[in-house]
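Topology and contacts: notes
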Amino acid sequence: MTEIGCYLHGLYPRSEALVAATRDVDRGRQPPRVVEARRDVDRAEIVALQRDAGLTLVSSGFLSWADLFRPLVDACPGLATGPLVRWFDNNTFVRTPVVRGPFELDLDLFAAERTDVGLLPGPYTFSRMATDAGDREALMAALARDLLRPAAEEFVRRGAQLVHLQEPWVTAHGIDDESWPAFVAALRVIGDGLSAQLVVHTYFGDAGPLIGRLSQLPVSAVGVDLTETDLAALAGPWQTGLLLGCLDGRSSPIEDVDLTVALAAKILEATRPPLLLLSSSCDLDLLPRPLADRKVHVLGAATRQLREAIPC
Amino acid sequence: MLTPLTTHELGSLAKPGWRVKAAAGRPLTDGDVDDAREWGERLGVDGYERLVDLLRGSDLSRSERVEVKEWSSRYGLRLFESAGLDVVFDGEQQRTEMYAWAIAHANGFEFRGSVRSFDNKYYSKAAVVGPVSLKAPFHNDEYKLLREAARRPLKVPVTGPYTLAAWSFDERYRGQVDLGEPLPDRRRRYRAARREFVLDLARDLVRPNIEALLALGATWIQIDEPAGSTEPSEIALMAEAYDACVSALDGTFSTHLCFSDYDLFFPTLEQMTGCQQYAVGFANYDSRDLGVHDDARPGYHIVRRFRDLPGRPALGLGVLDIHTDFTESPELVRDRILYAVEVFGGPDRIQVMPDCGLRTRTWDVAYRKLQNMVAGVSLARTALGL
């Protein structure tokens, strides 16, 4: 039996009104409360959109986050923001986290929003994006123990039912055999005993060569980016859950619901995971808001039709 | 123009509040008028009193709004000139933004909405939906205005075809994507579609625009490719498109690369034979410590690879971090230059510039940074006995 669901992961695009308000505040033309008020409107719209579309879990959209790392960097005295670097093969840039000292998460500063879906960088990606002269595996372990686990717990304390880890580096740049045990250990540190599902999502690269290992990770589900991964690689049976990144988060054409359902059904047939989650290939933040909104409706409709088509 | 330690600007400046409001038809404040007067005096803009009078008036007519934009260009130009730069432009005051301006003057595109670039910075992203072509040359009016106003040589920045493609959605060339199709087939179709798109932009949009500028007398064209390393497997395509823009044309042609892992460009850049200067941002990756040894200059180790390019192109050395208000001291600029000169074995192929456009900084900060850059070049010249 496969449980089928869907949710939005990652940062959601801001509306044109919020972009304009933020620009006005940055340039001193408006007081900060203007952005806060507009962000509340955006958040309410996004929540309503997801409910209307029938998504299983509802994300806050993380509209205040400048990038995936910044809320953690801002809440941890042992980290600082470094130079802007390209976010993989996209026209989006993030500030490199720079390691300055031991990690301790200041919960008063951490912008963990109230949301069904918590969001964090995965330990492997974080350890590779960070600037640090030390050993990368030791850094990954420390990040998992001292930063990501406390952050995951904070999300759960605020009501999250699922914590989603973004792990693009694993598939975009690869992971050495020697690093794999440390990665698995880091995921255990974050997820063991956590009162929420833990999903690790790989994207911006082909998960095919890693499928055997990914499907055995100690998490509730593993995400793959179907825009970069061959369907044939997803042979089963899967012992863990599977998140299908089946809506292209970097491309403007809106996916056809029927084709998406057919694709998901084919993968479900081949893998029979205990949990099948539908979502986007990457954050929808790489799209303008109106296009993202339309993809959310496709996501909800495709999940609904899949449930109706497949007796689970 | 490409003489040792020539200083030049690179891309856009912030637009003054009076220019933004006037263009949008929004009311101006006394502060806007004061700002125009103070900068006019500070930069020595000839006839700035006319702008001040214009801004004092109510309800600017359409032609007056155009005139305000022209004043904005004169101010931008004079900011660079009075800071002491050798080669100048106007900080792209006539353009909305480097991508949107080009796309708005091209056939075949529709804007889809705002997408994040970084932090709270967004750009308006379009989709290609039809055949690409040039509506009309879109830098000619700007060039004619600046040609009359400039006291120093001009370099015209033009957005490159690879960047225009990389920053656009593709709703035409790639067609419907079937995720059930085998990955190698999908990738092959993607590469073919992308190549056709980029080369169409080079041949049918960017090149005719450059030809129009050359016909007006422009002598130095900088093709901006900030997206150059977005997809490492496509750097050869960027190089091919660059040559498609400039081959057999008579002029000085350079390119601008920034915020990338520059190692990715090598050895492919060796194919870009038509490029006479690479203007590259380095300061963003560098330390603020003084010194000319490797440990002090981590952001500049990569310059070795530019030194070894065939054809001995010049290097436009980015020495100002444009994402921070930190003002580089003349001594820090000097040491960054001296480090690169040492690596290159002499100053002949080194020019000096900011990492990228200073549009995210206030004019106060940008001006201070540029003045210190020029002072740093002077210190470097002294140190080198030039």
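The rules we used
Residues numbered from 1 in each chain as written. Chains lettered and ligands numbered in written order. Predicted model: local features only at pLDDT ≥ 70, side-chain atom pairs only at ≥ 80, totals over all residues. Helix = DSSP H or I, 4+ residues; strand = E, 2+ residues; numbered from the N terminus. Buried ≥ 20, exposed ≤ 12 C-beta atoms within 10 Å, placed from the backbone. Contact = placed C-beta atoms within 7 Å. Core = buried A, V, L, I, M, F, W, Y, C linked by C-beta atoms within 7 Å. Nonpolar A, V, L, I, M, F, W, Y, C, P; charged D, E, K, R; others polar. Pairing = 2+ DSSP bridges. Axes fitted to C-alpha atoms, helices over the stretch in contact; angles between N-to-C directions.

On a plain count of helices and strands, chain A comes out with ten helices and nine strands. Along the three orthogonal principal directions, the C-alpha set of chain A runs to about 55 × 45 × 35 Å. Within chain A, the proportion of its 312 residues that are buried is 54%. Look at the contacts in chain A between residues 6 or more apart in sequence, and 73% of them connect residues 24 or more apart.

Counting residues in hydrophobic clusters, the biggest one holds 218 residues, and the most contacted among them are L244 and A264 of chain A together with I337 and A340 of chain B. Looking at this core, the element that brings in the most residues is helix α5 (residues 136-157) of chain A, giving ten residues. If we skip the residues at most four places from it in the chain, A340 of chain B touches Y300, V303, L315, L317 and I350 of chain B.

Another point: the environment of K121 of chain B. Residues and elements named next belong to chain B. Relative to the elements of secondary structure, K121 occurs in strand β2 (residues 121-134). Its 17 C-beta neighbours within 10 Å are what place K121 among the partly exposed residues. Separated by ten residues in the primary sequence, K121 and P131 place their C-alpha atoms 30 Å from one another.

Bringing the interface of chain B and chain A into the picture now. One frequently used descriptor of interface size is the decrease in accessible area upon assembly of the parts. On the side of chain A, 32 residues touch chain B, which itself brings 28 residues to the contact. A total of seven residues in the side of chain B that touches chain A trace back to one element, the largest contributor, which is strand β1 (residues 106-118) of chain B. Across the side of chain B that touches chain A, the residue classes break down as 13 nonpolar, nine polar and six charged.

Now for the environment of Y7 of chain A. All names here are of chain A. In this structure, Y7 sits in the loop between β1 (3-6) and α1 (16-26). The buried category is assigned to Y7, around which 24 C-beta atoms lie within 10 Å. Sequence separation of Y7 and P218 is 211 residues, and the distance between their C-alpha atoms is 20 Å. If near-sequence neighbours (up to four positions away) are discounted, Y7 is found in contact with L55, T56, L57, S59, V117, L162, L277 and S279.

Okay, the pairing of strand β5 (residues 162-166) of chain A next. In the case of a regular strand, side chains alternate between the two sheet surfaces. All names here are of chain A. Here β5 lies mainly inside the structure; five of its five residues are buried. Judged by which residues are buried, β5 turns out to be covered on both faces: L162, H164 and Q166 on one side and V163 and L165 on the other are all buried. As paired elements, strand β4 (residues 117-121) and β5 share five bridges and run parallel to each other. Looking at β5, one finds that V117 is bridged to L162. Relative to strand β6 (residues 197-201), β5 is paired through five bridges, and the arrangement is parallel. Of the residues in β6, the one forming a bridge with V163 is L198.

Time to look at the sheet that holds strand β4 (residues 169-170) of chain B. Residue and element names in this part refer to chain B. In space, the three strands of this open sheet follow the order β1-β2-β4, with mixed pairing throughout. Looking at which strands have only one partner, the edges of the open sheet turn out to be β1 and β4. Against the sheet, helix α8 (residues 183-215) touches β1, β2 and β4, its axis set at about 85° to β2.

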